[in-house]
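Here's the letter readout for the chains.
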Amino acid sequence: MTLFLLSLFFQFQLIEKDFISINSFKAEFEQIYSYTGSKEQIKERGFIYFKKPSFFRWEYEEPEKKIFILKENEILTFFPEEGLIQRERVTDDMIEIFSILTGGKISDYFDLKEKDCSPMQCTILFPKQKRDFNSIEIKYFKGEIKEIIVKFDYSENRIILKKFLKNIKIPPQIFNLEDI
């Protein structure tokens, strides 16, 4: 194995180790959607919760209240003002994106490139198979995820995490819409 391949393999192991050590987290987030060729951005804010094996909850507070819950192979979206619940199956693209946190083997789905963004660590993941997204850039500092940027052909979805609390107790009912 060449020195480059060994280095790449070592980087994958370090990233997987960092993310595998996260059993749960809660964070405030700001999500910014931007489009190529446009200065317009859509900004949303709220809270995100995660608990292994594969439970996510996004509570959007601004500009519109909504809740997304990922539970195993289904995504539930609740729009409280309309009283509407939407259900959809998790796609292969979503499975690969979420595998980063859910303990999936990152190297099964992605090729990796390191990027200098001192003092943080930056890793760019490129899907091995053709997907709707082109890359995922993850910025983290001392094992804490600070920012995730998912890039598409003509747009970008940037998620900035603040007040990141990892390995905390999260009650299981938070991942049920019935308890809202």
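Residues numbered from 1 in each chain as written. Predicted model: local features only at pLDDT ≥ 70, side-chain atom pairs only at ≥ 80, totals over all residues. Heavy atoms only, no water.

Looking at the overall build of the chain
- Helices and strands together make up the secondary structure of the chain, namely three helices and 11 strands.
- Taken over 180 residues, the chain has a buried fraction of 41%.
- Contacts spanning at least 24 positions in sequence make up 41% of the contacts within the chain whose residues lie at least 6 apart.
- Here the chain displays about 10600 Å² of accessible surface, and carbon together with sulfur accounts for 54% of that area. (Helix = DSSP H or I, 4+ residues; strand = E, 2+ residues; numbered from the N terminus. Buried < 20%, exposed > 50% of the residue type's maximum accessible area, 1.4 Å probe, protein only. Contact = heavy atoms within 4.5 Å. Areas by Shrake-Rupley, 256 points an atom, 1.4 Å probe, with all protein chains shown as cover.)

Considerations on the pattern of salt bridges
- Tallied over the full model, the rule gives 11 salt bridges.
- Between Lys 163 and Glu 28 there is a salt bridge, with the nearest N and O atoms lying 3.3 Å from each other. With Lys 163 in strand 11 (residues 155-166) and Glu 28 in strand 1 (residues 24-35), this pair connects stretches of sequence that are 135 residues apart.
- On the basis of relative accessible area, Lys 163 is assigned to the exposed category, the value being 63%.
- A residue is classified by how much of its surface remains accessible, and Glu 28, at 26% relative accessible area, is partly exposed.
- One salt bridge in this structure joins Glu 137 and Lys 115, with 3.2 Å as the shortest N-O distance. (Salt bridge = Lys/Arg side-chain N within 4 Å of Asp/Glu carboxyl O.)

Observations concerning the nonpolar core
- Judged by nonpolar contacts, the single largest core of 26 residues is most densely connected at Ile 48, Trp 58 and Leu 161.
- Breaking this core down by element, the ones donating at least two residues are strand 1, strand 2 (41-51), strand 3 (55-62), strand 7 (110-117), strand 9 (135-141), strand 10 (144-151) and strand 11. (Core = buried A, V, L, I, M, F, W, Y, C linked by side-chain atoms within 4.5 Å.)

With respect to the sheet that holds strand 7
- Judged by pairing direction, the sheet is antiparallel, and its 11 strands sit side by side in the order 6-5-4-3-2-1-11-10-9-8-7 without closing on themselves. Of all strands in the sheet, those with a lone pairing partner are strand 6 (84-89) and strand 7, marking the two edges. Adjacent strand axes in the sheet meet at a mean angle of 20 degrees when their direction is disregarded.
- As judged from the 11 bridges shared by strand 1 and strand 2, these two strands associate in the antiparallel manner. Looking at the pairing, Tyr 33 lines up with Ile 42 of strand 2. (Pairing = 2+ DSSP bridges. Axes fitted to C-alpha atoms, helices over the stretch in contact; angles between N-to-C directions.)

What about the pairing of strand 7?
- Of the strand pairs in this sheet, strand 7 and strand 8 (residues 120-127) are connected by eight bridges, and their pairing is antiparallel. Bridge assignment links Cys 117 to a residue of strand 8, and that residue is Met 120.
- Here strand 7 hands over to strand 8 after two residues, the two strands then running antiparallel side by side.

A few points about the side chain of Ser 34
- Tracing the sequence through the fold places Ser 34 in strand 1.
- Taking relative accessible area as the criterion, Ser 34 reaches 17% and is therefore assigned buried.

What about the state of the cysteines?
- For the coordinates displayed, the defined rule picks out one disulfide.
- Paired through a disulfide, Cys 117 and Cys 122 show a sulfur-sulfur distance of 1.5 Å. For the disulfide bridge between Cys 117 and Cys 122, the dihedral angle about the S-S bond is near 105 degrees, and by the sign convention the bridge is right-handed. By the burial criterion, Cys 117 is buried, and Cys 122 matches it. (Disulfide = S-S within 2.5 Å.)

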